Amino acid sequence: MTSSADAQRDLIAYLDFHVESGVDLALDEAPHDRFREADTPAPTLRRSAPVREAQVDAPRLEQPEAPRRELPPRGDPPPAPEKAPARTYGQSASAKPEDAAIDARARAKDVGTLEELEALMATFDACPLKFTAKNLVFADGNPAAKLMFIGEAPGADEDRIGKPFMGRSGQLLDRMMAAIGLDRTKAYVANVVPWRPPGNREPTIQELAVCRPFLERQIELADPDIIVCLGSPATKAITGTKDGILKARGRFYPYAMPHRTVRALATLHPAYLLRQPMQKRLAWRDFRLLRTALDGKA
Ligand code: URA
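Source: prediction; values computed, not measured.

How each quantity is defined
Residues numbered from 1 in each chain as written. Predicted model: local features only at pLDDT ≥ 70, side-chain atom pairs only at ≥ 80, totals over all residues. Heavy atoms only, no water. Helix = DSSP H or I, 4+ residues; strand = E, 2+ residues; numbered from the N terminus. Buried < 20%, exposed > 50% of the residue type's maximum accessible area, 1.4 Å probe, protein only. Contact = heavy atoms within 4.5 Å. Areas by Shrake-Rupley, 256 points an atom, 1.4 Å probe, with all protein chains shown as cover. Near = heavy atom within 4 Å. Polar contact = N/O pair within 3.5 Å; in protein donor to acceptor, adjacent residues only side chain to side chain. Nonpolar A, V, L, I, M, F, W, Y, C, P; charged D, E, K, R; others polar. Phe/Tyr/Trp six-rings, centres within 6.5 Å; stacked < 30°, edge-to-face > 60°. Lys NZ or Arg CZ within 6 Å of the ring centre and 35° of its normal. Salt bridge = Lys/Arg side-chain N within 4 Å of Asp/Glu carboxyl O. Core = buried A, V, L, I, M, F, W, Y, C linked by side-chain atoms within 4.5 Å. Lys, Arg positive; Asp, Glu negative; His and termini not counted. Pairing = 2+ DSSP bridges. Axes fitted to C-alpha atoms, helices over the stretch in contact; angles between N-to-C directions. Parallel < 35°, antiparallel > 145°, perpendicular 65-115°, else oblique. Left-handed = near helix turned anticlockwise from the far one by under 90°.

Caption draft 1: Representation of the overall build of the protein chain. Scanning the protein chain from N- to C-terminus turns up twelve helices and six strands. Taking all 298 residues of the protein chain together, the buried fraction comes to 37%. Once local pairs closer than 6 in sequence are excluded, the contacts in the protein chain between residues at least 24 apart make up 71%. Element-wise, carbon and sulfur atoms account for 55% of the exposed surface of the protein chain, whose accessible area totals about 19000 Å².

Caption draft 2: Geometry of the site of the ligand. Around the ligand, the neighbouring residues are Gly151, Glu152, Ala153, Pro154, Glu158, Pro164, Phe165, Asn191 and His269. Between an oxygen atom of the ligand and a main-chain N or O atom of glutamate 152, the distance comes to 2.7 Å. Asparagine 191 places a polar side-chain atom, nitrogen or oxygen, 2.8 Å from a nitrogen atom of the ligand. Taken by itself the ligand offers 230 Å² of open surface, and the protein chains cover 92% of this. Its residues assigned to classes, the shell around the ligand comprises four nonpolar, three polar and two charged.

Caption draft 3: Spatial organisation of the packing of aromatic side chains. Taken as a whole, this structure holds two aromatic pairs when the rule is applied. With 4.8 Å between their ring centres and 80° between their planes, phenylalanine 124 and phenylalanine 214 make a pair best called edge-to-face. Of this pair, phenylalanine 124 sits in the loop between α5 (114–123) and β1 (140–141) while phenylalanine 214 is found in helix α8 (residues 205–222), placing the two residues 90 residues apart along the sequence. Overall, phenylalanine 124 belongs to the buried group, its relative accessible area being 1%. Taking the relative accessible area as the measure of exposure, phenylalanine 214 reaches 1% and is therefore buried. We note arginine 263 situated over the ring of phenylalanine 252; from NZ or CZ to the ring centre the distance is 4.4 Å.

Caption draft 4: Region of the structure containing the pattern of salt bridges. Considering all chains together, one arrives at 18 salt bridges under this definition. Notably, a salt bridge pairs aspartate 225 with lysine 146, separated by 3.6 Å at the nearest N-O pair. Here lysine 146 lies in the loop between β1 and β2 (147–151) and aspartate 225 lies in the loop between α8 and β4 (226–230), a separation of 79 residues in the sequence. The partner of aspartate 295 in a salt bridge is arginine 291, with the nearest N and O atoms 2.8 Å apart. A relative accessible area of 39% places aspartate 295 in the partly exposed class.

Caption draft 5: Inspection of the nonpolar core at higher detail. With 38 residues, the main nonpolar core has Ile150, Ile219, Ile227 and Ile238 as its most contacted residues. Put simply, the parts of the chain that give this core at least two residues each are α4 (97–110), α5, β2, β3 (188–191), α8, β4, α9 (232–239) and β6 (261–267). The biggest single contributor to this core is α8, with six residues. Setting aside residues up to four positions removed in sequence, isoleucine 219 forms contacts with Met148, Ile150, Pro224, Ile227, Ile238, Tyr255 and Met257.

Caption draft 6: Layout of the environment of aspartate 174. One can find aspartate 174 in helix α7 (residues 168–179). With ten residues separating them along the chain, aspartate 174 and arginine 184 place their C-alpha atoms 7.7 Å apart.

Caption draft 7: Local environment of the side chain of aspartate 159. Relative to the helices and strands, aspartate 159 resides in helix α6 (residues 156–161). Lacking a salt bridge, the buried aspartate 159 has lysine 134 as its closest oppositely charged neighbour, with an N-O distance of 4.3 Å. The contact partners of aspartate 159, leaving out residues within four places of it in the chain, are Ala133, Lys134, Asn135, Val137, Pro154 and Arg196.

Caption draft 8: How the structure looks around the sheet that holds strand β5 (residues 252–256). With respect to topology, six strands assemble into an open sheet ordered β1-β3-β2-β4-β6-β5, the strand pairing being mixed. The outermost strands of the open sheet, each flanked by one partner alone, are β1 and β5. In this structure, β1 lies alongside β3, joined through two bridges in antiparallel fashion. Residue pairing across strands places glycine 141 opposite tyrosine 188, the latter belonging to β3. Where α8 meets the sheet, it contacts β2, β3, β4 and β5, and its direction lies at approximately 165° from that of β2.

Caption draft 9: Representation of the pairing of β4 within the structure. Along β4, five of the five residues are buried, which leaves the element largely enclosed by surrounding structure. Of the two faces of β4, both are covered, the one formed by Ile226, Val228 and Leu230 as well as the one formed by Ile227 and Cys229. Summarising the sheet, β2 and β4 pair through four bridges and their orientation is parallel. In the sheet register, leucine 147 faces β4, and the bridge partner there is isoleucine 226. Where β4 and β6 come together, five bridges link them in parallel fashion. From the neighbouring strand, leucine 230 faces β6, where its bridge partner is threonine 267.

Caption draft 10: Fine view of the packing of α5 against α8. Packing of α5 against α8 leaves a shortest axis separation of 10 Å and a crossing angle of 165°. The angle between α5 and α8 falls in the class roughly antiparallel. The two elements α5 and α8 cross, and the hand of that crossing is left-handed. Residues Leu114, Leu117, Leu120 and Met121 of α5 lie in contact with α8, whose contacting residues are Phe214, Arg217, Gln218, Leu221 and Ala222.

Written out as C-alpha cells, the structure is:
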C-alpha cells in the first residue's frame, strides 16, 4: 500500500520529469491519454459520391462505428465549451513580457549593490522561467574582478546548485581559465538568463528581454574592464551583432555602460567545445588574446 507521502513524492517526480523534458505549459485542463486515444477507432468516412454497382458486390472493409456521443435532451442548450484559463505571464500582475521588461528595468535601476540586485531578482515573478527553475543562478566568482564571463543560461547542475558553470561546461571553462593563469577568484561569472530554461532549450526572445535589464545592471555594478561572451546568445546580447558565433568570435566589441565603455570579447561556449573538440584551437586563440588584453598589451 502506498502512503500519501509516497504518492505525493511520485507526483512531484512525475512533474519534475516533464519539466526536465521541457514541458513547461499545460495546454488543457485535464491530461489526455494519447495512447488510449490511438486505440479508439477512427470515425467512419462518409462517401459523398453514389456507390457504383460494381463496388456493391466487392468485399467490404469493416468500418468500425464512431464512438457515440451522449446527446443532451432535446430543448436543452448545448453545453458551453470549457473555457481555458487566461494565460498570465508568470504570476506577475503585468501580463505582457514588454511590461515585465519595463518593470524589471525600473526595479533594477533602484538597487545599489549586487547583493540587492540578487535579492530583487529572487523576488521577481514576471519571468516564467522562474517557475520551472529550482533556483535563481545569479553569479559565481569574484565580483571585484576586472574580468566578467557571461554565458547563456543555467543547465541542470547549475539549477540544482544555484551557481553558474558548475557542470561539464563549467569544468572546461575552469580549465580554459587555468590555461591563461586565471581561476574564479580572478573572474566574475554570470549568465544572460539566470533561470534554467526547461529541457535546456534556448531562452526565448521574450525571456531574454525580460532578464536583460538585470544583466545590464549586474554588469554595471560589477564594473569589469573586460567582458567575455561565451557563445552566441551572450555575444548577441552584449555586442548586438547578428553574425554567427564563428564569425563574431575572436574580436573585441565596445560595451557601453552608463558611466563608461569597456571591451567585450566574443568566444565559443564551452558546451559547444565539448561537442566540437576540434574547435578548441579557436577558443585557445581567443583566450590568448584575452590574456594579452588583461596584461594591457592588446
Ligand atoms: N551553460 C551556460 O551558458 N551557463 C551555465 O551556467 C552553464 C552552462
